[in-house]
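Structural overview
Residue strings, one per chain:
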Amino acid sequence: MNALERLEKLLDKEQFEKIKAIDNPELHKFLVEWIEWLEPSKVFVCTDNEEDEFYVRWKALYYGEEKILETPNHTVHYDNYYDQARDKANTKLLVPGGKKIPFLNTKDRDEGLKEIRELMKGVMRGKELFVCFFVLGPKNSVFTIPAVQLTDSAYVAHSEFILYRKGYEEFKRLGRSARFFKFVHSAGELDERKTSKNLDKRRIYIDLVDETVYSVNTQYGGNTIGLKKLAFRLTIQRAVREGWLSEHMFLMGVNGPNGRKTYFTGAYPSMCGKTSTAMISWENIVGDDLTFIVPMNGIARGANVEKGVFGIIQGVNPEDDPIIWQVLHSPVEIIFSNVLVKDGKPYWNEMGVPIPGEGENHSGEWWRGKKDAEGNEIPPSHKNARFTVSLEHFPNVDLEALEAPCGVEVGGMIFGGRDKDTWPPVREAFDWKHGVITMGAALESETTAATLGKEGVRAFNPMAILDFMSVPLGEYIENYLEFEKKLRKAPKIFAVNYFLRDEDGNWLNHKLDKAVWLKWMELRVHGDVDAIDTPIGYIPKYGDLARLFREVLNKDYSREDYEKQFTIRVPELLAKIERIEKIYREQVKEAPEELFQVLEEERKRLLEAREKYGDYISPFQLEKA
Ligand SMILES: Nc1nc2c(ncn2[C@@H]2O[C@H](COP(=O)(O)OP(=O)(O)OP(=O)(O)O)[C@@H](O)[C@H]2O)c(=O)[nH]1
Ligand SMILES: O=C([O-])CC(=O)C(=O)O
Ligand SMILES: [Mn+2]
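How each quantity is defined
Residues numbered from 1 in each chain as written. Chains lettered and ligands numbered in written order. Predicted model: local features only at pLDDT ≥ 70, side-chain atom pairs only at ≥ 80, totals over all residues. Heavy atoms only, no water. Domains from an automatic or database assignment. Contact = heavy atoms within 4.5 Å. Buried area = accessible area lost by both parts, 1.4 Å probe. Salt bridge = Lys/Arg side-chain N within 4 Å of Asp/Glu carboxyl O. Polar contact = N/O pair within 3.5 Å; in protein donor to acceptor, adjacent residues only side chain to side chain. Nonpolar A, V, L, I, M, F, W, Y, C, P; charged D, E, K, R; others polar. Donors = N, O, S within 2.8 Å, 3.2 Å for Na, K, Ca; no water. Tetrahedral: all angles 85-135°; square planar, octahedral: opposite > 155°, others 65-115°. Helix = DSSP H or I, 4+ residues; strand = E, 2+ residues; numbered from the N terminus. Buried < 20%, exposed > 50% of the residue type's maximum accessible area, 1.4 Å probe, protein only.

**Here's the deal with the domain arrangement of the protein**
With domains assigned, the protein is organised as domain 1 (3-64 + 83-242) and domain 2 (245-284 + 410-623). The interface is formed by 20 residues belonging to domain 1 together with 25 residues belonging to domain 2. Note on domain 1 versus domain 2: buried area summed over both sides is about 2,000 Å², and carbon and sulfur give 65% of it. Of all residues in domain 1, Arg86, Phe103 and Val240 bury the most surface against domain 2, accounting for 33% of the area lost on that side. Taken together, the links from domain 1 to domain 2 amount to two salt bridges. Between Lys88 and Asp467 there is a salt bridge, and its shortest N-O distance comes to 3.1 Å. Where domain 1 meets domain 2, there are eight residue pairs in polar contact (both at pLDDT 80 or more). Classifying every residue of the side of domain 1 that touches domain 2 by side-chain character gives eleven nonpolar, three polar and six charged.

**Examining the coordination of the manganese ion (ligand 3)**
Here the manganese ion (ligand 3) is held by Lys229 (NZ), His248 (NE2) and Asp289 (OD), and the distances to it run 2.1 to 2.4 Å. One way to put it: the six donor atoms around the manganese ion (ligand 3) meet at angles of 71 to 175°, and that makes the site octahedral. Look at where the donors of the manganese ion (ligand 3) fall in the sequence and you get K-x18-H-x40-D. Residue Lys229 is located in helix H9 (residues 226-242), and its partner Asp289 is located in the loop between strand E15 (284-287) and strand E16 (291-296); the two are separated by 60 residues in the primary sequence. For Asp289, a relative accessible area of 8% gives the class buried.

Spelled out as structure tokens, the structure:
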């Protein structure tokens, strides 16, 4: 019996017809093998029909994975108290022979496949399996990658309908020529709150050979939403093989003088400001998490991989995030996850309005002062609580850019992280190579609640992508350096730091100051303002920033603040070069030789400047020079 014949026996006629309409034997084989193995009691195949999407939304409520909130189209979903973030330890890349690759969590492919298959045998007994088709990137474009998702979580399927473009028709159109990704997910056994129970058997295994990802005994989006961080490992591998970039970056349009619009991408680690930057109300968001950048006719062109936002809700307040606030209070389709709910209304930490002292949250029934099993006080919502919503609902979205089959020209690329004491708030690289190495490859950031484990630890995180890296780092950086050679005009590279603090631990910048840095970078892309030459790149002149603070935020910007923020901190910068060089020499090992040269040049410039001006160099001193 061939795969299609076996499928005909397994599926209802209506569901079978939907599969039969796709002429792809590889797909049929994958489906039949997994459906037989998972043993669901029911299978539903989603086409691009709206009714199928409604069916999934309804099932999320029916099975209790989501609950209705007061505002129409709003629901809440909870993950297990210990399943609130990405599980790095149990996320493994399956590679033949289990080859050790520095900084990557690898496992022998045969062993991994065997283990995951055992964990998944019959795991969907008594459950409904959803077969869903989506695409990464805009449809029918150079960016498009089709993907099929099998999941027994209606919440996961529902999230994907919000976040990705539908792909059933694309699968039909492509037939046998589709080079598609495959995702198999099961939430596993659920407890009475409908959250994954067997967390000790939580596994996320990425098969790089077969471009397939398996995820079991977890529900948290970062571990389960196939097209998000699971697909990301696969697209990084493809990008490096094919010579383009697949990045942990937002994509946004910054509005310059006289109606000019310049597109920027920005790579900051999880929970470090991508969404809050791309959402600035007077600029235009295209994407907030994942961007493909492809060279076309010598121009770097970017596209959002997704069409929705799985964003952090903590700290969203009406003053700093008016647009997100407005969308979260309108009757558009939204899934709130791991927030506090009281009388059908969602609440979250630091929302800028009073929060009830009791309700239901990620820990179950909650009251202020409640402690968890470890004795920690449980806040109203989890730090990594999120909202899931389509971008089309945001008044500041650039829909044309979102759907453009050729993407948009990338004018600038920004790197940044949580750094309390080393980098200034914004600076521009001397050139592509300088930026890629001293800003991208040298990125460090403090760990956050987006992953399980300790927070606030400074960690090496090149290009904000280390958690998702799926090829040896040296190859990844080499691909970046090569990328410039395919371009007539390379994007300018910048670095930002929103998280500088003074000696007492107070932030040196307000959350909205980033809006000013963006305007400055926009002007620099077009050569409209001068800058100060420093050992680590170009920084803004005080006068330009003071004018922009006035224009953009209607604020005074003092010379004292400027001087504090933009002081060149030579000891910290030198120590950082030491750390980074050591990591690449001793741990990464196969890094391109250019990386060491560029770091060495930067060190030399810093040492010379220190001779002349001392350890802490005022930007005013450098401006005069
Ligand atoms: N102090 C300070 N905090 C900020 C600033 N910008 C953002 N944050 C905080 O950083 C946290 C996360 O920011 P997001 O923009 O949602 O993070 P993201 O980079 O989109 O993260 P992922 O979705 O996990 O990839 C929130 O708690 C914000 O309040 C800033 O300029 N200063
Ligand atoms: O993938 C997730 O869990 C959410 C996210 O954007 C990140 O952690 O970078
Ligand atoms: Mn992210």
